Amino acid sequence: MGLDIRWPIGLMFSIVGLLLAGYGLFTGGEIYKCSLGININLIWGGVLLVFGAIMLTLAKIGSGKAPEGKE
Amino acid sequence: MHNVALQWIDYAIIALYTAFVVGIGFALKRYMKTSSDYLTSGRSIPTWVTGLAFISANLGALELVGMAASGAKYGIVTAHFYWVGAIPAMVFLAVFMMPFYYGSKARSVPEYLKMRFDERVRALNSISFAVMTIFASGISMNALAKLLHQLLGWNYGFSLWICSGIVLLYVLKGGLTSAIYTEVLQFFMIVLGFAPVVYLGLKDIGGWDALTNALHTVAANPAALALKPEGTHYAANAWTSAWQPLLGGPSNNPLGVDWFAMVFGLGFVLSFGYWCTNFLVVQRAMAARNMGAARRTPLIAAIPKMLFPALVILPGMLAVGLAVLPGKSYHLPSPPVHEARMGAALTALNAVPASSEAVIKAVGLKMDAAKVAALIAENTAHKLDDAVLRTRVQDAVAENDYDGVILSLVKRYCPPGLFGLALTALLASFMSGMAGNVTAFNTVWTYDLYQAYLAPNKSDEHYAWMGRFITVVGILLSIAAAYFASMWTNAMDIIQLVFGFVNAPLFATFLLGMFWARCTGTGAFIGLILGTGTSMLFHAVTLSAGNVPGIKGGYLAQLGIFPTDMAQNYWLAATAFTVCLLATAGISLATRQTKTVEELKGLVYSLTPRLKDNEQNFFLRPAVFGTILLIACVILNIIFW
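Conventions adopted
- Here the residue numbering is sequential within each chain, running from 1 through the sequence in written order.
- Each chain is given a letter, starting from A, and each ligand a number, starting from 1, according to the order in which they appear as written.
- Only residues with pLDDT of 70 or above have their local features reported here, since the model is predicted, and side-chain atom pairs are shown and tallied only from 80 upward, although totals for entire chains, interfaces and linings are computed over all residues.
- Values shown for side chains rest on all heavy atoms present in the structure; no hydrogens or waters enter the calculation.
- The helix count covers DSSP runs of H or I at least four residues long, the strand count covers runs of E at least two residues long, and both are numbered beginning at the N terminus.
- For the exposure calls, accessible area comes from a 1.4 Å probe over protein chains only, and a residue counts as buried if that area is under 20% of its type's maximum, exposed if over 50%, partly exposed in between.
- We call two residues in contact when some of their heavy atoms are within 4.5 Å.
- Think of a 1 Å grid over the protein atoms and nothing else: a 1.4 Å probe that fits but is trapped marks a cavity, an open set flanked by protein within 12 Å on at least five of seven lines marks a pocket, and residues with an atom within 4 Å of a point count as lining.
- Grid points are joined across faces, edges and corners, and a volume is the space filled by probe spheres set on the points.
- Nine residue types can take part in a nonpolar core, namely buried Ala, Val, Leu, Ile, Met, Phe, Trp, Tyr and Cys, and a core is a set of them joined through side-chain atoms within 4.5 Å.
- Domain extents, as shown, originate in an automatic or database domain assignment.
- As a per-residue quantity, pLDDT reports the predictor's confidence and falls between 0 and 100.
- Any carboxyl oxygen of Asp or Glu within 4 Å of a side-chain nitrogen of Lys or Arg constitutes a salt bridge here.
- We call two N or O atoms a polar contact when they sit within 3.5 Å, provided that within protein one can donate a hydrogen and the other can accept it, with sequence-adjacent residues counted only if both atoms are side-chain atoms.
- Only Phe, Tyr and Trp rings are paired, with Trp represented by its six-membered ring, and only when their centres lie within 6.5 Å; those with planes under 30 degrees apart are stacked, over 60 edge-to-face, the remainder tilted.
- Any Lys NZ or Arg CZ that is within 6 Å of a ring centre and within 35 degrees of that ring's normal is treated as a charge sitting over the ring.
- Note on bend: the value at a residue is the angle between axes fitted to the seven residues ending there and to the seven starting there.
- Put simply, a patch holds well-exposed residues, over 30% relative accessible area, that have no salt bridge, with like charges counted together within 9 Å and Val, Leu, Ile, Met, Phe, Trp or Tyr side chains within 5 Å.
- Methods summary: accessible areas were calculated by the Shrake-Rupley approach with a probe of 1.4 Å, and residue burial reflects only the protein chains presented.

Enquirer: I would appreciate a short explanation of the overall build of chain A in the present structure.
Expert: When you go through chain A residue by residue, the secondary structure sums to two helices and zero strands. Here chain A holds 71 residues, and 37% of them are scored as buried. When contacts within chain A are restricted to residue pairs at least 6 apart in sequence, those whose partners lie at least 24 apart make up 65%.

Quick look at the structure:
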């Protein structure tokens, strides 16, 4: 199928990661009592961003190659 | 249960996910030209995508919720649903069965049955499958709407129609490819949405060793958490060892089964019946771009499947571990008291004089009598607020709502933001549960029922149109099924019971069909009916301990009493399978084979030339890859022995 699924996955997780990390950057204190005092939004937003970036990179590399054909 | 107020960040994450799945549907629209593009993805999808979709189609939200529930109820033994109940069957599908499904050019599992046997077997299988997918999809949506209602206070009907509408949008545009692509998105969503919750839970309890110690306490007296009746005691490792409690026999493990029922009932009959014959999962592999890719699909899926217990079962174990530690102030969730019953309970509480019995009777659930008595004393001395009374009544319920375990952990650990992510992961898996079932339903309807019996010899355009039309119908039927499931609490039990009756004998038919050329259509047809009949009869004459005859079985007689539902279920499956196998074989020998050897080529093992895997990379050959997976699985079993 013509659409490489790695583009939307990469894009979506990058945006969600940015949002979450950004939110974590500007929040603190009370709301992180439930997450044992860890600013989990900032950390996990970063993880999502890295994951999204890896997906986008893979999609970019993949777009250079011709897709493998039928046997 | 009081509602959680979502923050803008949570809404933003949900909205983003929705926008992306709908966007994928629209982006795929221009590739949907023929009926085959729409219904079978034109056999063109890369292996890693079909592999992740294969596992994701199975990892519905009900599975997420149910596995955490079982993790709490039974502990690490639940992992056998993965290690015993999935991996071997997935390897078998890849190595032995996929060549026939993919190689026969059948577009669906029922169509394979028509090629191998005859129209009767196909009709039987496709009709029962179509009905089951609609109900499965309805159950999934019902659970989703109920969750949104309980958690966020959204209206049930509104949630149901909105979420179904979103699924309709992307499935209608992009067909099976859309469903498969969003399943991959959902796979990552679930892994990345739940991993931090598990991490925080483990950190909270103090690591793996602390969890093990807490679970040893649970095993010594499970009645303290209302997990088992008063007076039940297990060996310390009942929640933390996968095999040792099973070897001690049914009375020595919380699951109430022995190793034989586990290995034969779950590991062989139920598991092979599900993974090797269920078109919902097999369809994902059949959409792969070539035979090698199709065979590698279940193998790739097996890798995450093997590791999923850490994500889905561990939360349940963490929940009971936390509940037993007084310092953690965590309680296993209790089933919410229905609004009408709560009203009656308040009336009973405010009556003069109030009695504990009347309050407990009004609530209709098991209650902590001491808490109720204390509440009455307090309320008589000084009239309490209604809101306080409600909370206290709910708090006095002494039953566990195991299905609420996963959500209670999400609520405990997630700040706004992460909460939105975890909620989106749940929403995603509910919705893809619907999408997966509807895309399997529309293929079976269009090719195996409509084209086969109602309107043969029409143009491909017509079938492509029908595929879209029936997608809309399928979604509407699912919504109806969801309302049906919401009306009675028993509806779900009945539906799942019927699934069990139909699925239990099915693998016997496929096993004989694929590996024994002499097996005839008549044998398969009658064998299948007898097998299903056997499961019904078995259910009617056996019961599990502590249940009243009725929906749980035993309404004709009680010839056997099993320690748990699970044990009853395994033995039911094992019996139905055996009857179907013997009946099919016996009738086949007594009837004439109507198919010629030429017709059976490519459909039966002994008549099909062996596939040559030699040109493939050594480690990618299905047999080699499969063996490595099985070894890894054995190692996991040894570690958690």
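Enquirer: What exactly am I supposed to notice about unusual backbone geometry here?
Expert: Backbone phi values are negative for most residues with the exception of glycine, while trans is the configuration of most peptide bonds. Even without being glycine, Lys 105 of chain B reaches a positive phi, approximately 65°. Inspection of the secondary structure puts Lys 105 of chain B in the loop between helix 6 (87-103) and helix 7 (109-116).

Enquirer: So what exactly am I meant to see when it comes to empty space enclosed by the protein here?
Expert: Where empty space is left becomes clear once a probe the size of a water molecule has been rolled over the atoms. All names here are of chain B. Counting across every chain of the model gives one cavity of 30 Å³ or more. Roughly 90 Å³ of volume is contained in the largest cavity. For the largest cavity, the lining is made up of 14 residues, of which Phe 129, Thr 277, Asn 278, Asn 503 and Leu 506 are closest to its centre. Put simply, the parts of the chain that give the lining of the largest cavity at least two residues each are helix 7, helix 8 (119-152), helix 12 (259-277) and helix 24 (490-515). Looking at the lining of the largest cavity element by element, the count peaks at four residues for helix 8.

Enquirer: It is not clear to me how the nonpolar core should be interpreted in this structure. Could you clarify?
Expert: For soluble globular proteins, nonpolar side chains are generally found buried alongside one another. Residue and element names in this part refer to chain B. Among the nonpolar cores identified, the biggest contains 207 residues, and Tyr 101 and Phe 188 are the most heavily contacted of them. A per-element tally of this core places helix 9 (residues 156-205) first, with 23 residues. Residues in contact with Tyr 101, not counting those within four places in the same chain, are Arg 43, Leu 93, Ala 106, Val 109, Tyr 112, Cys 276, Thr 277, Val 282, Met 286, Phe 510 and Met 514. By size, the runner-up hydrophobic cluster in this structure holds 19 residues, among which are Ala 345, Ala 362, Leu 375 and Val 397.

Enquirer: Any chance you could explain the domain arrangement of chain B here in plain terms?
Expert: Often, the extent of an interface is quoted as the loss of accessible area on bringing the components together. Considered domain by domain, chain B is made up of domain 1 (8-327 + 406-487), domain 2 (339-399) and domain 3 (490-609). Taking the mean C-alpha position of each, domain 1 of chain B and domain 2 of chain B sit 39 Å from one another.

Enquirer: Just to check I follow, could you spell out the confidence of the model for chain B for this structure?
Expert: Note that predicted coordinates carrying low pLDDT should not be read in detail. Taken over all residues, the pLDDT of chain B has a mean of 86, while the share at 70 or more is 98%. Across chain B, the secondary-structure element scoring lowest on mean pLDDT is helix 2 (residues 35-40) of chain B, at 79, and the one scoring highest is helix 25 (residues 521-541) of chain B, at 92.

Enquirer: Sorry if this is basic, but what is going on with the interface of chain A and chain B here?
Expert: Across the contact, 31 residues belong to chain A and 44 residues belong to chain B. The interface formed by chain A and chain B includes zero salt bridges. The interface formed by chain A and chain B includes three residue pairs in polar contact (both at pLDDT 80 or more). When contributions to the side of chain A that touches chain B are tallied by element, the ones reaching two or more residues are helix 1 (6-26) and helix 2 (40-64) of chain A.

Enquirer: Explain the packing of aromatic side chains here, please?
Expert: The description of an aromatic ring pair rests on the distance of the ring centres and on the angle between the ring planes. Residues and elements named next belong to chain B. Taken as a whole and assessed by the stated rule, the structure comprises 38 aromatic pairs over all chains. For the ring pair Tyr 101 and Tyr 112, a centre distance of 5.6 Å and an interplane angle of 75° mean the geometry is edge-to-face. With Tyr 101 in helix 6 and Tyr 112 in helix 7, the pair connects residues that are 11 residues apart, well separated along the chain. Judged by relative accessible area, Tyr 112 falls into the buried class, the value being 1%. It is Arg 107 that lies over the ring of Tyr 447; its NZ or CZ is 3.7 Å from the centre.

Enquirer: For this particular structure, what's the right way to read helix 12 of chain B?
Expert: For an α-helix, the turn length of 3.6 residues means that residues three or four places apart are oriented alike. Residues and elements named next belong to chain B. In helix 12, a bend of some 40° at Ser 271 exceeds every other bend along the element. Listed as buried for helix 12 are Ala 261, Met 262, Gly 265, Leu 266, Gly 267, Val 269, Ser 271, Phe 272, Gly 273, Trp 275, Cys 276 and Thr 277. N-cap assignment for helix 12: the residue whose side-chain oxygen lies 3.2 Å from the backbone N of Phe 260 is Asp 258.

Enquirer: Would you mind showing me how to read the pattern of salt bridges here?
Expert: Here the idea is simple: oppositely charged side chains can pair when their charged atoms come close. Residue and element names in this part refer to chain B. Per the counting criterion, the structure on display carries 14 salt bridges over all chains. With its nearest N and O atoms 3.0 Å apart, the salt bridge here joins Glu 111 to Arg 107. Judged by relative accessible area, which is 9%, Glu 111 ranks as buried. Classification of Arg 107 by relative accessible area gives partly exposed; the value is 26%. The salt bridge partner of Arg 122 is Asp 448, with a shortest N-O separation of 2.8 Å. With a gap of 326 residues between them, Arg 122 in helix 8 and Asp 448 in helix 22 (residues 418-454) connect regions that are remote in the sequence.

Enquirer: Where do I start with helix 21 (residues 405-413) of chain B in this structure?
Expert: Residues and elements named next belong to chain B. With seven of nine residues buried, helix 21 is to be regarded as a mostly interior element. Every buried residue of helix 21 is listed here: Val 405, Ile 406, Leu 407, Ser 408, Leu 409, Val 410 and Tyr 413. Taken together, the buried residues of helix 21 touch helix 4 (61-74), helix 8, helix 9, helix 16 (314-324) and helix 22.

Enquirer: Please clarify how a nonpolar patch on the surface should be interpreted in this entry.
Expert: Residues and elements named next belong to chain B. Together, Trp 161, Leu 476, Tyr 483, Phe 484, Met 487 and Trp 488 line one region of the surface with nonpolar side chains, adding up to about 640 Å² of accessible area. By residue number, the principal contributor to the nonpolar patch is helix 23 (residues 460-487), which donates four residues. Mapped onto the elements, Phe 484 comes out in helix 23. For Phe 484, a relative accessible area of 30% gives the class partly exposed.

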